Amino acid sequence: MVKIRNLQKSYKNFPVLRGLNMDINDGDVYGFLGRNGCGKTTTMNIICDIIPKDDGEITLGDGEKPVTIGYLPESPTIFGYMTAREYLEYIAACASYDGDITKRANEVLEIVGLTAAADRRTKGFSRGMTQRLGMGAAIFRNPELLIFDEPTSALDPQGRSEVIEIINRLKSLGSTIVLSTHILSDVERVANRIGIVNGGVLAEEGDIRSILRKHGGDVINLTVHNLTQENKIELLKVDFAKAEFNNETGLFRFGSENIEDTAKRLMKLLAEKDIVAEEFKLGTATLEEVFRKVVG
């Protein structure tokens, strides 16, 4: 859906993008990650043709037929004197939508969960409702590519869950979505692929599960309280090079290349020392841990 090669952009001689390469496949929910100021919003604005690039190539779709894009900025501006329905009708007019506007507005309101608030003035909307209406505007024309810039920022947990639910629904409908956010747990919930920008270039890209295993590997979470210092040292020695311990929570974390062998040795030691574990869980590293590793 999107192929980017050697994308470059500077502001007043300060290079933001220094040769960015990206590949977003048809049907991806692509988590676009990086620190503040790394060039994520700049990249999305260039894809949407809002700002010009300095150099590089961007190919959308097959490069021949135009690709429709729906864009949700971080803080969508909604006219407070309009109702939600009126705002979507306004968007339809701006986009020269040639279908049944009323029917499509009803469909969109249902998708973003605003049917009950369709005829309310938007000036009374919560931040989450405003964000969902902004998503409705972005999807109104059934675009082939959706770009969401920080759609869950500044939302409470319920608002975030509602937005994530909408993204999951759009995913099930086959939409290709670029999702930029600092809330990495949200990316883990919906994305199948990620790209991490660092220093103006793409530092990592690929299937999210493969990247988690590549950089974080398998892990064991072991929680034990009221340990003697001797037992704590014995547990850490099982995989000392990759073991961590949080004294406040009693959590041991073992990042092992041979997870099964480490697990067996830990269980044997727990039995020998008569140590009762409150938690013993095998899993993979979190995206937050991998992100910190990739961007330093």
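Conventions adopted
- Residues numbered from 1 in each chain as written.
- Predicted model: local features only at pLDDT ≥ 70, side-chain atom pairs only at ≥ 80, totals over all residues.
- Heavy atoms only, no water.
- Core = buried A, V, L, I, M, F, W, Y, C linked by side-chain atoms within 4.5 Å.
- Buried < 20%, exposed > 50% of the residue type's maximum accessible area, 1.4 Å probe, protein only.
- Helix = DSSP H or I, 4+ residues; strand = E, 2+ residues; numbered from the N terminus.
- Contact = heavy atoms within 4.5 Å.
- Axes fitted to C-alpha atoms, helices over the stretch in contact; angles between N-to-C directions.
- Parallel < 35°, antiparallel > 145°, perpendicular 65-115°, else oblique.
- Left-handed = near helix turned anticlockwise from the far one by under 90°.
- Nonpolar A, V, L, I, M, F, W, Y, C, P; charged D, E, K, R; others polar.
- Pairing = 2+ DSSP bridges.
- Arc of directions from axis to C-beta.
- Polar contact = N/O pair within 3.5 Å; in protein donor to acceptor, adjacent residues only side chain to side chain.

Peer 1: Any chance you could explain the nonpolar core here in plain terms?
Peer 2: Note that soluble globular proteins tend to have their nonpolar side chains buried in a common cluster. Of all hydrophobic cores here, the largest spans 52 residues; its most connected members are Phe148, Ile167 and Ile194. Broken down by element, this core gets its largest block of residues, 6 residues, from helix α4 (residues 127–139). Setting aside anything within four residues of it in sequence, one finds Ile167 in contact with Val29, Met135, Phe148, Pro151, Ile177, Leu179 and Val190. The next biggest cluster of nonpolar side chains, apart from the first, holds 23 residues, and it includes Leu17, Leu20, Met44 and Leu60.

Peer 1: Hey, could you run me through the packing of helix α2 (residues 84–94) against helix α3 (residues 101–111) in this one?
Peer 2: Each pair of packed helices can be summarised by the angle the axes make with each other and by the distance between the axes. Running from amino to carboxyl end, α2 crosses α3 at an angle of 125 degrees, the nearest separation of the two axes being 10 Å. By the criterion of interaxial angle, the relationship of α2 to α3 is oblique. Handedness of the α2/α3 crossing: right-handed. On α3, the residues that touch Ala84, Arg85, Leu88, Glu89 and Ala92 of α2 are Ile101, Ala105, Asn106, Val108 and Leu109. In terms of residue class, the contact of α2 with α3 is built from 7 nonpolar, 1 polar and 2 charged.

Peer 1: Got a minute to help me understand the sheet that holds strand β1 (residues 2–11) in this structure?
Peer 2: Remark on secondary structure: sheet strands pair via backbone hydrogen bonds, oriented parallel or antiparallel. In space, the 3 strands of this open sheet follow the order β2-β1-β4, with antiparallel pairing throughout. Edge positions in the sheet fall to β2 (14–24) and β4 (55–60), since each has one partner strand and no second. Taken over all neighbouring pairs, the strand axes of this sheet differ in orientation by 20 degrees on average, direction set aside. Examined bridge by bridge, β1 and β4 share 5 bridges and lie antiparallel to one another. Paired with Arg5 across the strands is Glu57, a residue of β4. The strands touched by helix α1 (residues 40–47) within the sheet are β1, β2 and β4, with β1 carrying the most contacts at an inclination of about 115 degrees.

Peer 1: I would appreciate a short explanation of the side chain of Thr122 in the present structure.
Peer 2: Mapped onto the fold, Thr122 is located in the loop between α3 and α4. The buried category is assigned to Thr122, whose relative accessible area is 6%. For Thr122, the contacting residues outside a window of four places in its chain are Ile78, Phe79, Gly80, Met82, Thr83, Ala84 and Leu133.

Peer 1: What should I look at first to understand helix α7 (residues 208–215) in this one?
Peer 2: In an α-helix there are 3.6 residues to a turn, and that puts residues three or four apart on one side. Listed as buried for α7 are Ile208, Ile211, Leu212 and His215. The buried residues of α7 occupy an angular sector of 100 degrees when the element is viewed end-on, so they sit on one face. Buried residues belonging to α7 abut α6 (184–190), β8 (193–198), β9 (201–207), β13 (279–284) and α10 (287–295). Capping the start of α7, Asp207 holds a side-chain oxygen 3.2 Å from the backbone nitrogen of Arg209, two or three residues further along.

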